[in-house]
Amino acid sequence: MAHSDRNVTEPSVLERSANGVPPSETETATFGMGCFWGPDARFGAMEGVVRTRVGYAGGTASDPSYYSLGDHTEVVQVEYDPSELSYDDLLEVCWANHDWASAAPKRQYRGVVLAHDEHQRVAAERHRTALEERTGRSAATDIEPLDRFFLAEDFHQKYELRSTPVVGDELEDRYGNDFVDSTVVARLNGFAAGHGEPTQRNEVLAALELPPMVLSELQRRFC
């Protein structure tokens, strides 16, 4: 798809956001909350979240894939700016948005907090204990150390946008290899799933240089 009408000397917000906050300035959290499409969108809409990606973790298989998952679980990995968002904030979203009191029928969709360090493990256990005490129910969600994360296939990344071809195709064309790691793409994926406030959505759209057809389709998804 050609974009000869764009000023290549002044990259748009879309291009500038592809790298966003560098990884050296972010922290990372990993959660299993059932099918990973939904959590990817929910976290992606949050201010302070820099990047999201979905993948497989929590098992022992050496090379999992969607059609050969082994004992791994579908997870979302969230990179966030700790000056804007805390790990506790992400835990609140995690616990509030999956069935933490019931064991999943398949390990693929189990609830799990995969801690990157001791601080995250302690925080996750504190949240789980508080939730159990408040509700009088036992949590089935596991808390485990993260061993390794395997990135899922392209067709799973930013699923809400990819399921809207005119939008997904345009953004993939503009971003190329940076599509998965773009902050703006994470936001739009979240908005397309119905997350985010109207003012937040409007501010992002107003800053983007997108074709009218793409903007129209995004606005349709936001309704």
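The coordinates are above.
First, a word on scope: everything that follows refers to the structure included in this document. The numbering scheme is per chain: residues are counted from 1 as the chain's sequence reads. Given that the model is predicted, a residue must reach a pLDDT of at least 70 before its local features are reported, and side-chain atom pairs must reach 80 or more before they are shown or counted; all residues, however, enter totals for whole chains, interfaces and linings. Values shown for side chains rest on all heavy atoms present in the structure; no hydrogens or waters enter the calculation.

Only runs of H or I of at least four residues qualify as helices and only runs of E of at least two qualify as strands under DSSP, and these elements are numbered from the N terminus. When helices and strands are counted, the protein shows 9 helices and 6 strands. In this treatment the radius of gyration is a C-alpha quantity, and the globule benchmark scales as 2.2 Å times the residue count to the 0.38 power. In terms of C-alpha radius of gyration, the protein reaches 18 Å, essentially the compact-globule figure of 17 Å for 223 residues. For the protein, the spread of C-alpha atoms along the principal axes amounts to about 60 × 35 × 35 Å. Partly exposed describes any residue whose relative accessible area lies between the buried limit of under 20% and the exposed limit of over 50%, with all areas from a 1.4 Å probe on protein chains only and scaled to the type maximum. The buried share of the protein, reckoned over its 223 residues, is 48%. When contacts within the protein are restricted to residue pairs at least 6 apart in sequence, long-range pairs at least 24 apart make up 75% of them. Carbon and sulfur atoms make up 48% of the accessible area of the protein, which totals about 10900 Å². Averaged over its 21 positive side-chain charges, the protein has a centre that lies 4 Å from the centre of its 38 negative ones. Residue contacts are defined here by distance: any two heavy atoms, one from each residue, within 4.5 Å place the two residues in contact. Using the Shrake-Rupley algorithm and a 1.4 Å probe, accessible areas are obtained, with residue cover drawn only from the displayed protein chains. A residue counts as positive if it is Lys or Arg and as negative if it is Asp or Glu; His and the chain ends are not included. Charged side chains are reduced to one point each, which is NZ for Lys, CZ for Arg, CG for Asp and CD for Glu.

Further remarks concern helix 6 (residues 165–175). Regarding helix 6, the residues found buried are Val167, Gly168, Glu170, Leu171, Arg174 and Tyr175. Buried residues of helix 6, seen end-on, are gathered within an arc of 165° and therefore sit on one face of the element. Of the residues trailing helix 6, glycine 176 is marked for its positive phi of about 60°. In this description, one arc is meant: the one made by directions from the helix axis to the C-beta atoms.

Once that is clear, we can look at helix 4 (residues 118–135). With 18 residues, helix 4 should reach 26 Å at 1.5 Å per residue; the first-to-last C-alpha distance of 26 Å fits that figure. Burial in helix 4 covers these residues: Gln120, Ala123, Ala124, His127 and Leu131. Seen end-on, helix 4 carries its buried residues on one side only, within an arc spanning 100°. On its buried face, helix 4 sits against strand 1 (27–33), strand 3 (73–80), helix 3 (87–96), strand 4 (111–115) and strand 5 (142–145). The N-cap of helix 4, judged by a side-chain oxygen 3.2 Å from the amide nitrogen of histidine 119 a few residues on, is aspartate 117. Phi turns positive, to about 70°, at glycine 136, one or two residues after helix 4. An expected span of 1.5 Å times one less than the residue number is assigned to each helix. For the purposes of these results, a polar contact is taken to be a pair of N or O atoms within 3.5 Å, where, inside protein, one atom must be able to donate a hydrogen and its partner to accept one; residues adjacent in sequence count only when each atom of the pair is a side-chain atom.

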